[in-house]
Amino acid sequence: MPFIPKVLIVDDDLRMCDSLTALLSDQDYVLRTCSSGKSAIDYLNKDVFDLILLDMVMPDISGFQIMDYINNERLNTLVIVITGDVSTESAIGCLRRGAYDYIRKPFEPEELLLTVKNSLDHKRLKGENEVINNKLALSENRYGFLVQNSPDIIYTLDSQGNFTFISNAVERLLNFTIEQLVGKHYSFIIHEEDLEKAKWAFAERRTGDRAASGIELRLKVCGDRDPFNPTETTHLTIELKSNGIYDKSDTKEEKKFLGTHGVVRDINDRKQLEAQLHHAQRMEALGTLAGGIAHDFNNLMMGILGNVSLMLFDTEPSHPHYNKMKTIERMIQSCSKLTSQLLGYARKGKYEVKPLILNQIVTESSETFGRARKEIAIHRNLAEDLFAVEVDESQIQQVLMNLYVNAADAMPGGGRLILKTKNVTHREIKDKSYQIEPGNYVLLKVTDNGTGMDEKTMERIFDPFFTTKERGRGTGLGLASVYGIIKGHGGYINVESGKGIGTSFYIYMPASDKTIPKSFEVSGQILKGKGTILLVDDEEVILDVGSQMLKIFGYTVLEAKSGKEAIDVYRKKKDQIDLVILDMIMPDIGGGETYDRIKDIDPKAKVLLSSGYSVDGQATEILERGCNGFIQKPFNMENLSRKLNWILGED
Ligand SMILES: Nc1ncnc2c1ncn2[C@@H]1O[C@H](COP(=O)(O)OP(=O)(O)OP(=O)(O)O)[C@@H](O)[C@H]1O
Ligand SMILES: [Mg+2]
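Residue numbers run consecutively from 1 along every chain, following the written order of its sequence. Chain labels run from A onward and ligand labels from 1 onward, assigned in the order the entries are written. Two thresholds apply to this predicted model, a pLDDT of at least 70 for residue-level local features and 80 or more for giving and counting side-chain atom pairs, whereas whole-chain, interface and lining totals are computed over all residues. For side-chain calculations, the full set of non-hydrogen atoms in the structure is used, while hydrogens and water are omitted.

**Examining the overall build of the protein**
Step number 1: We count a stretch as a helix when DSSP gives it H or I for four or more residues in a row; a strand needs E for two or more, and each element gets its number in order from the N terminus. Scanning the protein from N- to C-terminus turns up 19 helices and 22 strands.
Step number 2: A radius of gyration in this sense is built from C-alpha atoms; the matching globule rule multiplies 2.2 Å by the number of residues raised to 0.38. The C-alpha radius of gyration computed for the protein amounts to 47 Å, which surpasses the reference 26 Å derived for 651 residues by more than 25%, pointing to a less compact arrangement than a globule.
Step number 3: By principal-axis analysis of the C-alpha atoms, the protein measures approximately 150 × 60 × 60 Å.
Step number 4: Expressed as a percentage of the 651 residues in the protein, the buried residues total 44%.
Step number 5: Residue contacts follow a heavy-atom distance rule, with two residues in contact if any of their heavy atoms lie within 4.5 Å. Taking the contacts inside the protein whose residues are at least 6 apart along the sequence as the reference set, 66% of them involve residues at least 24 apart.
Step number 6: Roughly 35100 Å² of accessible area belongs to the protein as shown, and the carbon and sulfur atoms make up 51% of that amount. Partly exposed describes any residue whose relative accessible area lies between the buried limit of under 20% and the exposed limit of over 50%, with all areas from a 1.4 Å probe on protein chains only and scaled to the type maximum. Only the protein chains shown count as cover for residues, and the accessible areas themselves come from Shrake-Rupley with a 1.4 Å probe.

**Comments concerning a nonpolar patch on the surface**
Step number 1: Candidates for patches are residues over 30% relative accessible area with no salt bridge; among them, like charges are joined within 9 Å and nonpolar side chains (Val, Leu, Ile, Met, Phe, Trp, Tyr) within 5 Å. Just to be clear on terms, a salt bridge is a Lys or Arg side-chain nitrogen sitting within 4 Å of an Asp or Glu carboxyl oxygen. Taken together, the side chains of Tyr143, Phe145 and Leu146 define a hydrophobic patch exposed on the protein surface, amounting to about 370 Å² of accessible area.
Step number 2: Along the chain, the position of tyrosine 143 falls in helix α5 (residues 109-149).

**Digging into the side chain of serine 611**
Step number 1: Position of serine 611 relative to the elements: it lies in strand β21 (residues 607-611).
Step number 2: Given a relative accessible area of 0%, serine 611 falls into the buried group.
Step number 3: Contacts of serine 611, omitting those with residues within four sequence positions, involve Asp583, Met584, Phe630, Ile631, Gln632 and Lys633.

**Quick notes on the sheet that holds strand β22 (residues 629-632)**
Step number 1: We treat two strands as partners when DSSP finds at least two bridges between them. Here we have 5 strands laid out as an open sheet, ordered β19-β18-β20-β21-β22, and parallel in their pairing. The sheet is open, and its two borders are formed by β19 (556-560) and β22, each paired with just one other strand. Pairs of neighbouring strands in the sheet enclose a mean axial angle of 20°, with direction left out of account.
Step number 2: In terms of strand pairing, strand β20 (residues 579-583) meets β21 through 4 bridges, oriented parallel. Its bridge partner lying in β21, aspartate 583 is registered against serine 610.
Step number 3: The sheet strands contacting helix α15 (residues 540-553) are β18 (532-536), β19 and β20, and the helix crosses β18 at an angle near 165°.
Step number 4: Interaxial angles span 0 to 180 degrees and are taken between N-to-C directions of axes, which are lines fitted to C-alpha atoms, for helices over the stretch in contact. With respect to the sheet, helix α16 (residues 563-573) is in contact with β18, β19 and β20, its orientation differing from that of β19 by roughly 140°.

**With respect to empty space enclosed by the protein**
If a probe as big as a water molecule is rolled over the atoms, it shows which places are left empty.
Step number 1: Here the term cavity refers to a set of points on a 1 Å grid, laid over the protein atoms alone, in which a 1.4 Å probe fits but cannot get out; the term pocket refers to an open set having protein on both sides within 12 Å along at least five of seven lines, with lining residues being those that place an atom within 4 Å of a point. Grid points are joined across faces, edges and corners, and a volume is the space filled by probe spheres set on the points. Inspection of every chain in the model, using the stated rule, returns 3 cavities of 30 Å³ or more.
Step number 2: Secondary-structure elements contributing two or more residues to the lining of the largest cavity are β18, α15 and β20.
Step number 3: All residues other than Ala, Val, Leu, Ile, Met, Phe, Trp, Tyr, Cys, Pro, Asp, Glu, Lys and Arg, Gly among them, are scored as polar; the first ten of these are nonpolar and the last four charged. Partitioned by chemical class, the residues of the lining of the largest cavity number 10 nonpolar, 2 polar and 2 charged.
Step number 4: The calculated volume of the second largest cavity comes to roughly 40 Å³.
Step number 5: What lines the second largest cavity is a set of 10 residues, and nearest its centre among them are Ile153, Phe163, Ile166, Ile189 and Val264.
Step number 6: Elements with a minimum of two residues in the lining of the second largest cavity: β6 (153-158), β7 (163-166) and α6 (169-174).
Step number 7: Considering only residue class, the lining of the second largest cavity consists of 10 nonpolar, no polar and no charged.

**Concerning the pattern of salt bridges**
Step number 1: Counted by the stated rule, this structure contains 35 salt bridges.
Step number 2: With its nearest N and O atoms 3.7 Å apart, the salt bridge here joins glutamate 274 to arginine 270. Taken together, the residues glutamate 274 and arginine 270, both in helix α9 (residues 268-313) and 4 residues apart, mark about one turn of the helix.
Step number 3: For arginine 270, a relative accessible area of 37% gives the class partly exposed.

**Describing the domain arrangement of the protein**
Step number 1: Domain delimitation in this document rests on an assignment produced automatically or drawn from a domain database. Once the domains are mapped, the protein shows domain 1 (6-148), domain 2 (153-266), domain 3 (351-519) and domain 4 (532-648).
Step number 2: A separation of 34 Å is found between the C-alpha centroids of domain 3 and domain 4.
Step number 3: The interface of domain 3 with domain 4 comprises 5 residues on the first partner and 11 residues on the second.
Step number 4: Accessible area, probed at 1.4 Å, shrinks when two parts are joined; the buried area is that loss added up over both. Across the domain 3 to domain 4 interface the summed buried area is about 660 Å²; carbon plus sulfur atoms make up 54%.

**Quick word on the packing of aromatic side chains**
Step number 1: Aromatic rings from Phe, Tyr and Trp, taking only the six-membered ring of Trp, are treated as a pair when their centres fall within 6.5 Å; an angle between ring planes under 30 degrees marks them as stacked, one over 60 as edge-to-face, and anything in between as tilted. As enumerated under the stated definition, the model contains 9 aromatic pairs in all.
Step number 2: With a centroid separation of 5.5 Å and 55° between ring planes, the pair formed by tyrosine 246 and phenylalanine 257 is classed as tilted. Linking tyrosine 246 in strand β9 (residues 234-247) with phenylalanine 257 in strand β10 (residues 256-266), this pair joins segments that are 11 residues apart in sequence.
Step number 3: You can call phenylalanine 257 buried: its relative accessible area is 10%.
Step number 4: Judged by centre distance (6.4 Å) and plane angle (85°), the rings of phenylalanine 553 and tyrosine 555 are edge-to-face.
Step number 5: Counted as over-ring charges are cases with an Arg CZ or a Lys NZ within 6 Å of the ring centre that also lie within 35 degrees of the ring normal. Over the face of the ring belonging to tyrosine 43 we find lysine 46, whose NZ or CZ atom lies 5.6 Å from the ring centre.
Step number 6: The positively charged end of lysine 184 is found above the aromatic ring belonging to phenylalanine 188, 4.9 Å away from the centroid.

**As for the packing of helix α1 (residues 14-24) against α5**
Step number 1: Where α1 contacts α5, the axes come no closer than 10 Å and their chain directions differ by 70°. Relative to α5, α1 is oriented roughly perpendicular. Considering the relative orientation of α1 and α5, their crossing is right-handed. Contact residues: Leu20, Leu23 and Leu24 in α1; Pro109, Leu112, Leu113 and Val116 in α5. The cut-offs work like this: below 35 degrees is roughly parallel, past 145 is roughly antiparallel, 65 to 115 is roughly perpendicular, and the gaps in between are oblique. For any pair of crossing helices, the crossing counts as left-handed if the nearer helix is rotated counterclockwise from the farther one by less than a right angle, and right-handed if it is rotated clockwise.

**Here's the deal with the site of ligand 1**
Step number 1: Nearness of a residue to a molecule or strand requires only that one of the residue's heavy atoms be within 4 Å of it. Near ligand 1 there are 20 residues, and of these Thr467, Thr468, Lys469, Thr475 and Leu479 occur at the shortest range.
Step number 2: Think of a polar contact as two N or O atoms within 3.5 Å of one another; within protein, one of them needs to be a possible hydrogen donor and the other a possible acceptor, and neighboring residues in sequence only count if both atoms come from side chains. Threonine 475 is positioned with one of its side-chain polar atoms (N or O) 2.5 Å from an oxygen atom of ligand 1.
Step number 3: Contacts to ligand 1 include glycine 476, whose backbone N or O atom sits 2.8 Å from an oxygen atom.
Step number 4: If ligand 1 stood free it would expose 590 Å²; the protein chains cover 91% of that surface.
Step number 5: When contributions to the shell around ligand 1 are tallied by element, the ones reaching two or more residues are α12 (393-409), α14 (478-488) and β17 (502-512).
Step number 6: When grouped by side-chain class, the residues that make up the shell around ligand 1 number 8 nonpolar, 10 polar and 2 charged.

**Some points on the nonpolar core**
Step number 1: Here, the term nonpolar core denotes a set of buried Ala, Val, Leu, Ile, Met, Phe, Trp, Tyr and Cys residues that are joined through side-chain atoms within 4.5 Å. Counting residues in hydrophobic clusters, the biggest one holds 36 residues, and the most contacted among them are Leu358, Phe505 and Ile507.
Step number 2: Secondary structure elements with two or more residues in this core: α11 (358-372), β13 (388-392), α12, β14 (415-425), β15 (440-448), α14 and β17.
Step number 3: Looking at this core, the element that brings in the most residues is α12, giving 7 residues.
Step number 4: Setting aside residues up to four positions removed in sequence, phenylalanine 505 forms contacts with Leu403, Leu444, Lys445, Val446, Met453, Ile461, Phe462, Leu479, Ile493, Asn494 and Val495.
Step number 5: Grouped together as the second largest cluster of nonpolar side chains are 30 residues, Leu342, Tyr351, Val569 and Ala605 included.

Quick look at the structure:
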């Protein structure tokens, strides 16, 4: 809309009013006239005028009073005074009251037209300026709000690299106040080791299109103890994006560098998640590797152990080879222990999960251990009403043995090993850094009064291959596997230790309300039996040693080299077969499917699962479907005979 100024002419001399109106009538103005001060005020009250041409001397109200009225009411009306009074004081008086200009009577028409035009132009420009300034203030407010509410730190540096502005986020992220940083050089908050990197990223003279972005740096976080001494600090990992600021008005070839501005984003959480992901991926890869090794390795050892077992069976203890064969048997057991440790660390190797009372394994395992290490006095303090836990028994035995051996190693001259079990809830679990699943737990505490450990050792004991023992004495896999196994069972582990005092391991296992199935008797002898057994394995050697063992026990043996063959044989001879020994991992039809098909043929079929390694939870799954038992390769004759005897004697 075009700007049409409204002009009010005020003069008690009506002729003057007429001649002014005549003079201005050619212009594109809206004109109003009045001949007294009072009617002028009425006009000003009713309407908005851009300009008033004001006579100073009027009988009722003077021009000065009208100007005061305009000022008091904050009217946005310009005043041009038209006066016959030529004194300087009166002119100054008018200007002091804010008049735009004054014209002395008599005046030239051009002078009047020009002054009126100038005043209106001035008013229009002033109005436009105000609009622009308002917009600017609004936009500054908006940006100020955005900057101060951003979760990122936003800053500006001068050309020397000193902070000229830094947003509020710095107080939350780095614990410095803004006052502590403004005026300081950026290097004040950079981690010493990142200073070089920061030099070219933080303050480099980059233009807008060559911003330094995605730079990772560590910034100092102000310690609470002494805010002026940032050496006592921790660090925050951040990502930086920075740009140079240049004076655009500078016409010289080289623009003037004013400093830099940038954004600092906290990526600590992201880094932590990345590290966790890497760890998980490492564990996954290690699990695959350990699984592969365990499977092949245990099958190979099964061949060796089976043959040694058979040879031992035929050899008198007085024979010169007897002890050598016994040594081979022992060494194979050590080998398979190593694969178990690796699997434990990789949170694998949990095969046969069943509810049991921890006291039982603690008593049995510690009695066996105590017989071998007479210098260790073992004290048991086991809760009578202990909750059951659902565990893989052999993995828990592995955990216990690792803890006993470590304790004994820490007490070379002998000492006390205290074993305690107790029901607890998640609230009693020490170390609040864990995110603990609420519920009931069983605590197993293993305490020794050995050498103990210092803080530095304690930090690393669960790392794989960390050992303080001499070469050949320790692999450093013991506690790594303990940790993996306990985690794999949904449990928690803590350790307390004091140098020269001793060590306590706290192991918390989630409690179960399942009932305990009866377990088979352990004895060191071969148990005879009768009936027909179908032995299924894709490895020739295992079929060979397995059948020989079974025949020695007194069983009739049928063999199958694959899942498919097993199903065929079973279908034909199901009335004759008393039990199937089934390998889990086979190339065509795996153990799981073979098991289901055999059960389809005869729901009452008895199956003993056997494996060197089972893919995550597969063995447990098959066992839960009603399979009768599990035997871990490599097994010796005693183990196999006992398992068979137990399953076949079940009904
Ligand atoms: N009860 C304990 N008292 C003192 N130090 C211990 C105790 N248990 C573990 N440690 C320390 O933790 C380290 C790691 O233990 P871990 O069982 O993982 O490996 P290792 O015993 O050295 O070797 P491995 O168990 O594989 O034969 C040990 O070398 C030892 O320094
Ligand atoms: Mg150990």
